[in-house]
Amino acid sequence: MARVEFTDNLQKHLACPPMTAPGGTVRAVLDAIFEENTTLRSYLLDDQGRLRKHVNIFINGEMIRDCSNLSDPVADNDRVFVFQALSGG
Amino acid sequence: MSDVFYVASRKGLFTYRRDGADWVSGAPAFLGEPVSAVLKDKRDGALYAALNLGHFGVKLHRSDDDGASWKELPAPAFAKSADGDENAPSVELVWTLAAGGADERDAIWAGTIPGALFRSDDRGESWKLIDSLWNQPERQGWFGGGYDNPGIHSVLVDPRDSAKLTLGVSCGGIWKSDDRGVSWRLAGRGLRAAFLPPEQTNDLNTQDPHRLALCKSAPDTIWCQHHNGVFLSRDGADTFEEIRDIPPAVFGFAVAAHPNDPDTAWLVPGVKDECRVPVDGKLIVNKTIDSGKTFFAMCDGLPQTPSYDLVYRHALDVDETGARLAMGSTTGNLWASDDGGQKWRALSRHLPPVSQVAFG
């Protein structure tokens, strides 16, 4: 199972403790997580299912490349980190 | 007379309640988060707040206990494109929320960027895109005004007939429906867009109304603060007459219409498009009581030393009596008046930039 962790910045909006999901693609991993945490979907993905512009996902420290279709592969022992990009204001 | 108003700001939602002669602010909700729109639904008392979380998208919350607790609702959203179009839309901002008519108790309208209208029939628990407007061929001619994409900032529901809607679109003109959004037509004859090529100056579909305000007791009276000036309609926005030569300037964003007097309205002028600050650094509220024939520059209590306040299009409101007004600026100042705008007093000089004020 892949382990997925979320930025602390999400925790003030909704509970999202680390979770596990079967490997496959980033899309498959997220879909599995959204089945348990439906509200989280709109925080990470836009209306079209694309990764929001200021959300980043890393797999074992490497940023994913496909932010539209989320096709990057995720192996069962991978660690997936969901971050937010920094911004000012 | 309203004893409460709400302030949506760049960093939270503030509530001001009347306490004797004072307005007192409670603890902010959503502290640190941009609140783009607020609606107090007087039909059932519900309070709605739309957030634009930036990183995490547009969110919508409702409180059924006047802000003591909040429930997150699904925000208006576009359906996923079937063909995977990489340019398929996603809601970027809930720019305005409006209650439906008295006869459709659970109905809420939302105007968004990009320019779409959504309707909920269950107090925001679910939303439906109004396809009939989204699919208008003319929509392809709309363009952004200040934002990358066009948006709907004004949704007026006729108090006599909730099926009659009037929308203000920046930049996409004024649209009307007589059948609750089943069909639409362009309105706003008489509006003038000097920013367009000369042959398009009167093109209805590319006008930039900054804000529409309706007189509740005479709903065919609609005031329009437009990018190019101030316009008044007496036929429900079908046609407008331009009110020219208003001192000190005709440029601005906000307009409030008196709820019971169709000849009275308030505006907040700025220098011009390219310089969005008060004229000569003196902030005023321009009030007319004679349909725009004359204006009174209300400045008592407003900064007359160099001031750089801009009042956004939703950041001026009047209560149901026409006596109490509230106004907030991008500089974080907040003022209120008890006498129809004659005198103002500062309630705060240290708020975040204000996006909306709304009486409850």
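An account of the accompanying structure is given in this report. (Residues numbered from 1 in each chain as written. Chains lettered and ligands numbered in written order. Predicted model: local features only at pLDDT ≥ 70, side-chain atom pairs only at ≥ 80, totals over all residues. Heavy atoms only, no water.)

Observations regarding the interface of chain B and chain A
Consideration 1: Across the contact, 23 residues belong to chain B and 21 residues belong to chain A.
Consideration 2: Of the roughly 1,600 Å² buried between chain B and chain A, counting both surfaces, carbon and sulfur atoms make up 44%.
Consideration 3: For the chain B face of the interface with chain A, the top three residues by lost area are His55, Phe56 and Lys80 of chain B, together amounting to 43%.
Consideration 4: Joining chain B to chain A, the criterion identifies 1 salt bridge.
Consideration 5: Ionic pairing is found between Lys12 of chain A and Glu33 of chain B, a salt bridge with its closest N-O pair at 2.8 Å.
Consideration 6: The tally of links from chain B across to chain A stands at 13 residue pairs in polar contact (both at pLDDT 80 or more).
Consideration 7: The residue inventory of the side of chain B that touches chain A, partitioned by class, reads 9 nonpolar, 6 polar and 8 charged. (Contact = heavy atoms within 4.5 Å. Buried area = accessible area lost by both parts, 1.4 Å probe. Salt bridge = Lys/Arg side-chain N within 4 Å of Asp/Glu carboxyl O. Polar contact = N/O pair within 3.5 Å; in protein donor to acceptor, adjacent residues only side chain to side chain. Nonpolar A, V, L, I, M, F, W, Y, C, P; charged D, E, K, R; others polar.)

Looking at the packing of aromatic side chains
Two numbers describe a pair of aromatic rings. These are the distance of the centres and the angle of the planes.
Consideration 1: One pass over the full model with this rule turns up 13 aromatic pairs over all chains.
Consideration 2: Measuring from centroid to centroid gives 5.5 Å for Phe58 of chain A and Phe83 of chain A, while their planes differ by 85°, and the two rings are edge-to-face. Taken together, the residues span a long stretch of sequence, with Phe58 of chain A in strand 4 (residues 55–59) and Phe83 of chain A in strand 7 (residues 79–84) at a distance of 25 residues.
Consideration 3: Linked through ring pairs, Phe5, Tyr16, Trp23 and Phe359 of chain B together constitute an aromatic cluster.
Consideration 4: Taking the ring centre of Tyr43 of chain A as reference, the NZ or CZ of Lys59 of chain B above it sits at 4.1 Å. (Phe/Tyr/Trp six-rings, centres within 6.5 Å; stacked < 30°, edge-to-face > 60°. Helix = DSSP H or I, 4+ residues; strand = E, 2+ residues; numbered from the N terminus. Lys NZ or Arg CZ within 6 Å of the ring centre and 35° of its normal.)

Let's talk about the sheet that holds strand 15 (residues 185–187) of chain B
All names here are of chain B.
Consideration 1: Spatial strand order, 12-13-14-15: 4 strands in an open sheet with antiparallel pairing. Each edge of the open sheet carries a strand with a single partner, namely strand 12 (151–157) and strand 15. If you compare each strand with its neighbour and ignore which way they point, the axes differ by 30° on average.
Consideration 2: Pairing analysis gives 6 bridges linking strand 12 to strand 13 (residues 165–170), with the strands arranged antiparallel. From the neighbouring strand, Ile152 faces strand 13, where its bridge partner is Val169. (Pairing = 2+ DSSP bridges. Axes fitted to C-alpha atoms, helices over the stretch in contact; angles between N-to-C directions.)

Observations regarding unusual backbone geometry
Note: most peptide bonds trans; most residues except glycine with negative phi.
All names here are of chain B.
Consideration 1: For the bond running from Ile113 to Pro114, omega is -5°, close enough to zero to count as cis.
Consideration 2: The amide bond that connects Pro247 to the next residue, Pro248, takes the cis arrangement and shows omega of 0°.
Consideration 3: Looking at the element boundaries, Pro248 is found in the loop between strand 19 (241–243) and strand 20 (251–257).
Consideration 4: Phi is positive for Phe30, which is not a glycine, with a value near 60°.
Consideration 5: Along the polypeptide, Phe30 turns up in the loop between strand 3 (22–25) and strand 4 (35–40).
Consideration 6: Exposure remark for Phe30: the relative accessible area of 17% places this residue in the buried category.
Consideration 7: Although it is not a glycine, Asp280 adopts a positive phi angle of roughly 60°.
Consideration 8: Relative accessible area serves as the criterion here: at 67%, Asp280 is assigned to the exposed category. (Buried < 20%, exposed > 50% of the residue type's maximum accessible area, 1.4 Å probe, protein only.)

Just distances and angles here, no functional claims.
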